[in-house]
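Breakdown of the fold
Chain residues, written in single-letter form:
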Amino acid sequence: MTSITDGKSKQSKLPYPGNGKAPRQLDEFWFVRDHPKVGFSYKSFTFDVNTLTWQPTEIKYEADEVISVGGRKVMAHKLTGVIGEKAQTTWEDNRGLPLKIVQQDLVIERTFK
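Below or above, wherever it landed, is the structure these notes cover. Computed from a predicted model, the values in this text were never measured in an experiment.

**A short note on the overall build of the protein**
- In terms of helices and strands, the protein carries 0 helices and 8 strands.
- N-terminal to C-terminal, the α/β element order of the protein is β-β-β-β-β-β-β-β.
- The C-alpha atoms of the protein give a radius of gyration of 17 Å, which is well past the 13 Å a tight globule of 113 residues would have.
- Across its three principal axes, the protein shows a C-alpha extent of roughly 50 × 35 × 25 Å.
- Looking at the protein as a whole, 23% of its 113 residues qualify as buried.
- Counting contacts in the protein only where the partners sit at least 6 residues apart, residues at least 24 apart contribute 30% of the total.
- Within the structure as shown, the protein displays about 8,100 Å² of accessible surface, and the carbon and sulfur contribution to it stands at 53%.
- Between the averaged position of the 17 positive side-chain charges in the protein and that of its 14 negative side-chain charges there is a distance of 4 Å.

**Let's talk about a nonpolar patch on the surface**
- On the surface, M1, L14 and L52 cluster together into a nonpolar patch covering about 220 Å² of accessible area.
- Turning to its location among the elements, L52 is positioned in the loop between β3 (41-48) and β4 (53-69).

**Focus on the packing of aromatic side chains**
- Evaluation of the coordinates by the stated rule reveals 7 aromatic pairs.
- Look at Y16 and F45: their rings are 5.6 Å apart centre to centre, the planes differ by 85 degrees, and that puts the pair in the edge-to-face class. Taken together, the residues span a long stretch of sequence, with Y16 in the loop between β2 (8-11) and β3 and F45 in strand β3 at a distance of 29 residues.
- When its relative accessible area of 9% is taken as the criterion, Y16 is described as buried.
- Look at F45 and you get partly exposed, because its relative accessible area is 28%.

**A short note on the environment of K100**
- Within the secondary structure layout, K100 lies in strand β7 (residues 98-103).
- Distance from K100 to G7, taken between C-alpha atoms, is 37 Å for residues 93 residues apart in sequence.
- The contact partners of K100, leaving out residues within four places of it in the chain, are I67, T89, T90, W91, V107, I108 and E109.

**Looking at the pattern of salt bridges**
- In the structure shown here, the tally under the stated rule is 4 salt bridges.
- Ionic pairing is found between D34 and R33, a salt bridge with its closest N-O pair at 3.1 Å.
- Taking relative accessible area as the criterion, D34 reaches 26% and is therefore assigned partly exposed.
- Look at R33 and you get exposed, because its relative accessible area is 53%.
- The partner of E109 in a salt bridge is K100, and the shortest N-O contact between them spans 3.7 Å.
- Three or more residues are tied together by salt bridges with common partners; here these are D93, R95 and R110.

**Quick notes on the environment of K78**
- For K78, the position within the fold is in strand β5 (residues 72-83).
- A relative accessible area of 24% means that K78 is categorised as partly exposed.
- Taking the C-alpha atoms as reference, K78 lies 5.9 Å from D64; in sequence the two are 14 residues apart.
- Here K78 is in contact with K60, Y61, E62, A63, E65, T89, T90 and W91, once residues within four sequence places are set aside.

**What about the pairing of strand β6 (residues 86-92)?**
- Where β5 meets β6, 7 bridges bridge the pair, whose relative direction is antiparallel. Across the sheet, G81 pairs through a bridge with Q88, a residue of β6.
- Taking the residues that link successive antiparallel strands as the turn, the β5-β6 hairpin has 2 residues, and the phi of G84 there is positive, at about 65 degrees.
- Here β6 folds back onto β7 in antiparallel fashion, the turn holding 5 residues, of which G96 has a positive phi close to 80 degrees.

Parameters and conventions
- Residues numbered from 1 in each chain as written.
- Predicted model: local features only at pLDDT ≥ 70, side-chain atom pairs only at ≥ 80, totals over all residues.
- Heavy atoms only, no water.
- Helix = DSSP H or I, 4+ residues; strand = E, 2+ residues; numbered from the N terminus.
- Rg over C-alpha atoms; globule rule 2.2 N^0.38 Å.
- Buried < 20%, exposed > 50% of the residue type's maximum accessible area, 1.4 Å probe, protein only.
- Contact = heavy atoms within 4.5 Å.
- Areas by Shrake-Rupley, 256 points an atom, 1.4 Å probe, with all protein chains shown as cover.
- Lys, Arg positive; Asp, Glu negative; His and termini not counted.
- Charge placed at Lys NZ, Arg CZ, Asp CG, Glu CD.
- Patch = residues over 30% accessible without salt bridge, like charges linked within 9 Å, V, L, I, M, F, W, Y side chains within 5 Å.
- Salt bridge = Lys/Arg side-chain N within 4 Å of Asp/Glu carboxyl O.
- Phe/Tyr/Trp six-rings, centres within 6.5 Å; stacked < 30°, edge-to-face > 60°.
- Pairing = 2+ DSSP bridges.

Structure representation (structure tokens):
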């Protein structure tokens, strides 16, 4: 990692926890190529750019459901999880792209043209 402070570059190594080799995220191809069974979950780590640390992460596929987003009713794949100590719920489309993300008081929704 390279950080720049006051115009000065500093390189640091922040190895992935465990054996230092980051595995492919299991949900990378969910809904594009793979469709997990309801209730399937896995554990991994996510890099937090604010603290410059690896945070334990658990993701679980809950179910498909209809949600309202961007003024439309759409079918979405609901995922729940914990990143570090923050609970998060994400609804994704069939390409695995987020339609809506809820993390504590933060809500992010896709808009449509």
